[in-house]
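Summary of structural features
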Amino acid sequence: MANKTTIYDIANELNLTAATVSRALNNNPRISKATKKLVLETARELNYEPNKLALALKKGKSNNVGVVVPYINHSFFSTIIRGIEEELHPKGYHVIISQSHEEEDREGQTIKSLLNAQVEGILISVSRSTRNTEHLDEVVQKGIPLVFFDRKKDISGVSSVIFDDYQGGYQATKHLIELGCSRIAHFSGDRSLEIYQDRYLGYLSALKDHGKEPDQDLVFEIRSTAEDGIQAIKSLMALKNPPDAIFSSTDYGALGAITWLKNNGFKIPADIRVVGFSNEPFTEFMDPPISSMDQSPLEMGRKAAQMFLEQVGQNSKRKEKRIVLPPNLIVRESSS
C-alpha cells in the first residue's frame, strides 16, 4: 500500500516549508493567493487528504460519538443503532460502533479507545459480565456525556433510556393467566443482569396477584439461544405435571421451545401457549407466529441520541435523566 501524501511531500515538491504549506491549506491570510493556488493544485495532483481527526482535535471537536453494544448482529441492537444514527447524522455527528461481545475487559478496552479518539459522547448497553465500572466512571470524570440504553449501571449523574422490563414480564404472564393457563413456565435470562431480573420479578408478581403459587421447577435460566430453549422445554415436558404455557424472556428461547414442541407432536396454542420477549423480526413469520413483548428499539435509540444532544456542551449543567419506555405486547397465534 502506498504511503499517504503529507504536507511535507507537498513542501518538498514546491520547495516550500511545511509551515507555509499548512497555512496555505488552511487559507491563512498571510499567504499570497498565488502560493495558495499553487499549493492546492499540487495537493490535488498528489492526492493529498487532510487528517480529519488531527483537524478535529486542533479545533477541539471531533463530531464522533461512540456506541457500544454487546452484539451488532441482534436485530434489537441494530435497530437501536439505526435510531441513534437517524438522530445524530442530521446534526453532523458520525457514529463509531463497537461490540463488547458480553466481555467486561473488551468493553473497557473499547471505552479507552473511544476516549483516545476524542469522541464527544458514549452511548452504551453494558455487557452481561460487567461488574467493575471504573472504565465508565472515567468517562464521567472526563466530563464526556455518557448515556445508557437498555442495560445500565447505577452511576450517579448518568442518564439512561430503558424498557419497563418488570411491567413487560408482568403483562406477558397476566396475558397467559387471563387465557386460562395455570402452570406457566418461565425461561429466565442471566438474572445478574437487571433486565432479566426485572422480567422474572414481573412474572412472579403476576402469578401472586392472581392467586397462583410460583413453582421454581418451572423456572429455567437460559442463554438467548434456540438451543437453550430446546433443552429447557425437554426438561419441562418430562415433569410429572408439565406446564400449559411458557413465558420466555427471550424470543430465541421461545423459538427453540416451539420447534421442539412441534417436532414432538404438540399443538400450539391448543396444548401449550408461548409468549416471547423482544419482538424479533422472525417472530411474525414463524408457524405459528410468536406472541412477543415489543421493546421499541428504534425509539430507544432516538431517545438515547436526544439525551446526548441535550448534554453535549452542558458539562456544568448536566443533569441525570431517566426515560422508561412502556411495554407493548404483540399478541399472535402462539398464545391466542
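Please refer to the structure higher up on the page.
Residues numbered from 1 in each chain as written. Predicted model: local features only at pLDDT ≥ 70, side-chain atom pairs only at ≥ 80, totals over all residues. Heavy atoms only, no water.

**Quick notes on the overall build of the chain**
To keep things clear, this is the line we draw: Numbering goes from the N terminus for both helices and strands, where a helix is a DSSP run of H or I of at least four residues and a strand is a run of E of at least two. Computation of the radius of gyration draws on C-alpha atoms, with the globule rule given as 2.2 Å multiplied by the number of residues to the power 0.38. The buried label goes to any residue with under 20% of its type's maximum accessible area, the exposed label to any with over 50%, and the partly exposed label to all in between, with areas taken from a 1.4 Å probe on protein chains only.
Across its full length, the chain carries 12 helices and 12 strands. A globule of 336 residues ought to have a C-alpha radius of gyration of about 20 Å, yet the chain, at 26 Å, is considerably larger. Overall size of the chain, expressed as C-alpha extent along the three principal axes, is 90 × 45 × 30 Å. Taking all 336 residues of the chain together, the buried fraction comes to 48%.

**Here's the deal with the environment of Q295**
Here is the rule: Should any heavy atoms of two residues lie within 4.5 Å, those residues are considered in contact. The term polar contact refers here to a pair of N or O atoms within 3.5 Å; inside protein, the definition further demands a hydrogen-donor-capable atom paired with an acceptor-capable atom, and it admits residues adjacent in sequence only when both atoms are side-chain atoms.
With respect to the helices and strands, the residue Q295 is situated in the loop between β10 (291-294) and α12 (297-311). Separated by 221 residues in sequence, Q295 and H74 have C-alpha atoms that sit 13 Å apart. Leave out the neighbours within four places in its chain, and Q295 touches F76, D150, F163, D165, R199, F277, S278, M300 and L325. Among the polar contacts listed, one links the side chain of Q295 to the side chain of S278, at a separation of 2.6 Å.

**Points about the sheet that holds strand β1 (residues 64-69)**
Threshold: When DSSP finds two or more bridges between a pair of strands, those strands are recorded as paired. In this description, a line fitted to the C-alpha atoms serves as the axis of each element, helices being fitted only across the stretch in contact, and the angle between N-to-C directions of two axes falls anywhere from 0 to 180 degrees.
The strand order across the open sheet formed by six strands is β2-β1-β3-β4-β5-β11, and the pairing between neighbours is parallel. Looking along the sheet, the strands with just one partner apiece sit at the ends: β2 (94-99) and β11 (322-325). Neighbour to neighbour, the strand axes of the sheet diverge by 15° on average, direction disregarded. In the sheet, β1 pairs with β2 via six bridges, with the strands oriented parallel. In the sheet register, V69 faces β2, and the bridge partner there is Q99. Relative to the sheet, α12 contacts β1, β3 (121-124), β4 (146-149), β5 (159-163) and β11, its axis offset from that of β5 by approximately 170°.

Any functional reading would require information beyond the geometric quantities listed.
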